[in-house]
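# Descriptive analysis of the structure
Each chain, written out:
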Amino acid sequence: MRAYDAWLNTNELSKKRWLKAIQVEGACSELVRGRAISELERAFGLVNPEDGCWSLYLSVEPDHDDLKGQMTGTFQISRQADSIYIRAVDDSGLIAAIYALVKKALLDGLDAELDFTHVPATSLRMVNHWDNMDGSIERGYSGRSFFFKDREIVLNDRTADYCRLAASVGINAIVINNVNVKDEATYLITDKHVDRLRKMSELFHSFGIQLFLSLNYAAPVELGSLDTADPLDEAVIKWWDERFAEVFRNLPLLGGFLVKADSEGRPGPFTYGRNQAEGANLLGRALKPFGKALIWRAFVYNAQQDWRDLKTDRARAAFDYFAPLDGQFLDNVYLQIKNGPMDFQVREPVSPLFSQMTKTNLILELQIAQEYTGQQIDLCYLGTQWREILDFKTGNPAVNLDASSLAHMIGDQSIPGVNFGIAAVSNTGDDENWFGNDLAALNYYAYGLLASDPHMNSREMAMQWVALTFGLEGMDDLMLMLEESWSVYEAYTAPLGIGWMVTPHTHYGPSVDGYEYDRWGTYHKADHKAIGVDRTDEGTGYAKLYPAVVGDVFNSKDSCPDEFVLFYHRMDYTDRLKSGKTLIQHIYDSRFWGYEEVEGFIRRWDALEGLVEDARHKRIRARFWRQLQNAREWRDQVNSYFWRKTGIADEKGRTLY
Ligand code: GCV
C-alpha cells in the first residue's frame, strides 16, 4: 500500500473490472464527464461490458424536483439490482458522488446498501495553501510546494493526484498561493502565468474544485503604473476594474481572490487612512460583474507592539477593527476569521467576531498545518479541537443560543442573508506521503468531512480514516492515541489557555519567554507570584466582547473553565483550579503526564508492528521518538522555569532543574 495514495487506495478494488457500463447525462460539462469516467475506471477497473457487475447511470439535473435550489455539491445515490444511479445538482456534486461511492465500496464492500442524499453544509469548502513561488511553503512541514518551483507554476500528475485527494473529502475551492503575496506571486494576476493558470483551473474544475488566488493589495503600485493603492482613488478603482476584466477573460473558471491586508507587513487600506470595509469593497465591487468572490482576512493586528505597553491586547484587535463595520461589506465579500483571536494556539476561545457579526458573510479559518501543534512531528489529531470550536455557542444575537454554535451557523446557514463558508490552511507538500507524518493525513481528511458536515463526530471521522488507511483490525490502540493526542500535546506544552511559550519564528519546541519581550503582542506576564493576562472587565475588557450570556462565564474566575483560565485571568501560583489543584501543581503535573503519555504512544505504536506496513511503521515510529524529545524539552524547561520563578517544590518530589 503506497502512502502516496493516502486514504484512497483502490489498487485492490480496481484489479477486477466491476463496471458493465457507465452513462453520463444531463447538464454536465465535458471536462467533468471525462473526469467522471476516468475516475470511476481508476477505482473500479476499466468498463467490462461482458463480465462487469454494475451499470452506472450518472446525471447532472439542476431542475430535478429533489435537487432544485439545493446547495452546490448536492447529490443522490441509489441502487436497484445491478444498476447504480447518481443524480447531482451540478458538476461538483457529480464528482463528489463518485468519491462517496468509492469510499463506500472501500469501507463497506461492494454489496453495501446504497440509498442516500448528500447536501454539503456550505458552498465554500476551501483549502488555503501558503505556498510560495520559489517552491518553499510558509509553515510547511511536509516538503516543498507541488504547485510552484523556481518562480513557475508546476502542473503534472501530482496536481491531478492532489485534486483527487481534495475532492474525495469534499473540498471544492483551493487557493494555491500564500496569503503573504510578494515578488513573483504578485504577477499571478497579470498575463505572465496565464496559460498554466488556465490549464490548472480546468483541471481543478474537472474535479469539482474552483481555483482561487491570493493577491497583493498594493498591486496597482507594485506592478508599476500607479503611486497609490488608496481604495477611494479613481485611478485605483479603474486599475482593478481593468485588471479583473482581463483576468476573467483569460480565466473564466477562477473562483475569486483571498487577501491578507494590513497584517504582518502586508499592505492595505490603513496606509491611506481607509478602513477594512473600504479596502475589501474596492475589490469586491470590481469582482461583482464576473460573479466572483472576494475573501478578506480578519487577521489584522499591530505586529509592532511595544511589550511595555500594558494596555493594548492583541486578542481584541480583529474585533475592534471589524465589528463596527458589520453591514458595510458588499454581498460578494466574505470575511475570513481565524478560529481564535490570536493565532491557532493549541487552545483559544472562539473569535468574538462570530458572536457579533450578523450582516457580513463569514468564513471560519482553521489550520490543518500543525504550526503550533507539533509540526507534523508530534501526533495531534485536530478533529477533537475543531469539534470543540464548532460546538461553541457563540451567542450571536441573530439566532437563539442553542442554534448559535459555529456548527449550526455554518452547517445550517442559520443567519438569514449571511453566507457562511469554511477554510483551512493546508498541511501538504511534495513528500511522498503528502503530509510529512503519515498520521497527519487524518487532519486533512477530517477537515474535509467537517467542511461538508460541521456536525460530524470527531471519533467517527478518525474511524473512517483509520479504516481506509490501515483497516480497523487491531487498531483500537491507534484510535485511542488519536483521540487523546490533542490533550496530550496541550498538556506538555502551554495549557490553561496561556498558549505561546514556543521558540520564536520556528514555533516548534519551548521557549517560555521567547515572545515575552517581543513585538508580537503575545505575552504571558509571568512573575514570581502570578501569571496570565487579565482580560475581564477590570483588565483589557476582552471577555465583554461576547454577548453577556457567553462572556460573563469567562469574565468571572469562578465560572471560567480551567482550560481557558489563564487566557482570561491572572492567577497566583497558589490559587486553586476547578480541579482542586494549585496552579503550580497543575503546571508540573500536566508536563509530567504529557511526557509519560508520549512514552505510552511509543509502546502502543511498537505493538502495531506487523499490522502496519513496515516502512510506514518505521517512519511513524521515528516521528514518535522525536515527539518524545520535544515533550521532554517542554516538560523540563517549563517546569524548571516555574520552579526557579516560584521556589515552590513539586508535591510529588519529581526532578526539577
Ligand atoms: C501566512 C501566523 C504565521 C504566519 C502566517 C500568518 C497568517 O502569524 O506564523 O506564517 O502568514 O499567521 O495567518 O497570515
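These lines cover the structure that appears in this document, whether it is placed above or below.

Rules behind the numbers
Residues numbered from 1 in each chain as written. Predicted model: local features only at pLDDT ≥ 70, side-chain atom pairs only at ≥ 80, totals over all residues. Heavy atoms only, no water. Core = buried A, V, L, I, M, F, W, Y, C linked by side-chain atoms within 4.5 Å. Buried < 20%, exposed > 50% of the residue type's maximum accessible area, 1.4 Å probe, protein only. Contact = heavy atoms within 4.5 Å. Axes fitted to C-alpha atoms, helices over the stretch in contact; angles between N-to-C directions. Helix = DSSP H or I, 4+ residues; strand = E, 2+ residues; numbered from the N terminus. Parallel < 35°, antiparallel > 145°, perpendicular 65-115°, else oblique. Nonpolar A, V, L, I, M, F, W, Y, C, P; charged D, E, K, R; others polar. Expected span 1.5 Å × (residues − 1). Near = heavy atom within 4 Å. Polar contact = N/O pair within 3.5 Å; in protein donor to acceptor, adjacent residues only side chain to side chain. Areas by Shrake-Rupley, 256 points an atom, 1.4 Å probe, with all protein chains shown as cover. Salt bridge = Lys/Arg side-chain N within 4 Å of Asp/Glu carboxyl O. Pairing = 2+ DSSP bridges. Arc of directions from axis to C-beta.

## Regarding the nonpolar core
Formed by 226 residues in total, the largest nonpolar core has its most connected members in Trp7, Phe44, Trp240 and Phe257. Each residue touching tryptophan 240, except ones within four places of it in the same chain, is listed here: Ile189, Leu215, Asn216, Tyr217, Ala219, Pro220, Leu282, Leu283 and Ala286.

## Examining the packing of helix H15 (residues 476-492) against helix H19 (residues 614-646)
The contact between H15 and H19 brings their axes to 10 Å, and the two run at 30°. Between H15 and H19, the crossing angle belongs to the class labelled roughly parallel. Across the interface between the two elements, Met481, Tyr489 and Tyr492 from H15 touch Phe624, Gln627, Asn630, Ala631, Trp634 and Arg635 from H19. Tallied by class, the residues present in the contact of H15 with H19 amount to 6 nonpolar, 2 polar and 1 charged.

## Examining helix H18 (residues 583-606)
Taking 1.5 Å of rise per residue, the 24 residues of H18 would be expected to cover 34 Å, and the 35 Å separating its terminal C-alpha atoms lies within 8% of that figure. Burial analysis of H18 places 18 of its 24 residues in the buried class, the great majority of the element.

## Re the site of the ligand
Lining the immediate environment of the ligand, one finds 15 residues, of which Glu138, Lys260, Arg297, Lys338 and Glu371 sit closest. Glutamate 371 places a polar side-chain atom, nitrogen or oxygen, 2.6 Å from an oxygen atom of the ligand. With the chains in place, 96% of the 340 Å² that the ligand exposes on its own is no longer accessible. Taken together, the residues of the shell around the ligand sort by class into 4 nonpolar, 3 polar and 8 charged.

## Let's talk about the pattern of salt bridges
Evaluation of the coordinates by the stated rule reveals 41 salt bridges. A salt bridge links aspartate 195 to arginine 198; the nearest nitrogen and oxygen atoms lie 3.8 Å apart. One end of the pair is aspartate 195 and the other is arginine 198, both in helix H5 (residues 194-206) and 3 residues apart, which spans about a single turn. A cluster of three or more residues bridged by salt bridges with shared partners is formed by Lys581, Asp589, Asp650, Lys652 and Arg654.

## Topic: the sheet that holds strand E9 (residues 173-177)
With parallel pairing, the 8 strands of this closed barrel are ordered in space as E6-E9-E10-E11-E12-E13-E14-E15. With strand direction ignored, the average angle separating the axes of adjacent strands in the sheet is 25°. In this sheet, strand E13 (residues 333-338) lies alongside strand E12 (residues 293-297) in parallel orientation, the contact comprising 4 bridges. By the bridge assignment for E13, tryptophan 296 is matched with leucine 335.

## Some details on helix H14 (residues 458-469)
Relative to the 16 Å expected for 12 residues at 1.5 Å per residue, H14 spans 17 Å between its end C-alpha atoms, a close match to the ideal helical length. For H14, every residue scored as buried is listed here: Ser458, Met461, Ala462, Trp465, Val466, Leu468 and Thr469. Buried residues of H14, viewed axially, fall in a sector of 165°; they line one side. Structurally, H14 contributes buried residues whose contacts are with helix H3 (91-108), helix H11 (383-391), helix H13 (441-452), H15 and H19. The residue sitting at the N-terminus of H14 and contributing the capping side-chain oxygen is asparagine 457; that oxygen lies 2.8 Å from the backbone nitrogen of arginine 459. Phi turns positive, to about 85°, at glycine 471, one or two residues after H14.

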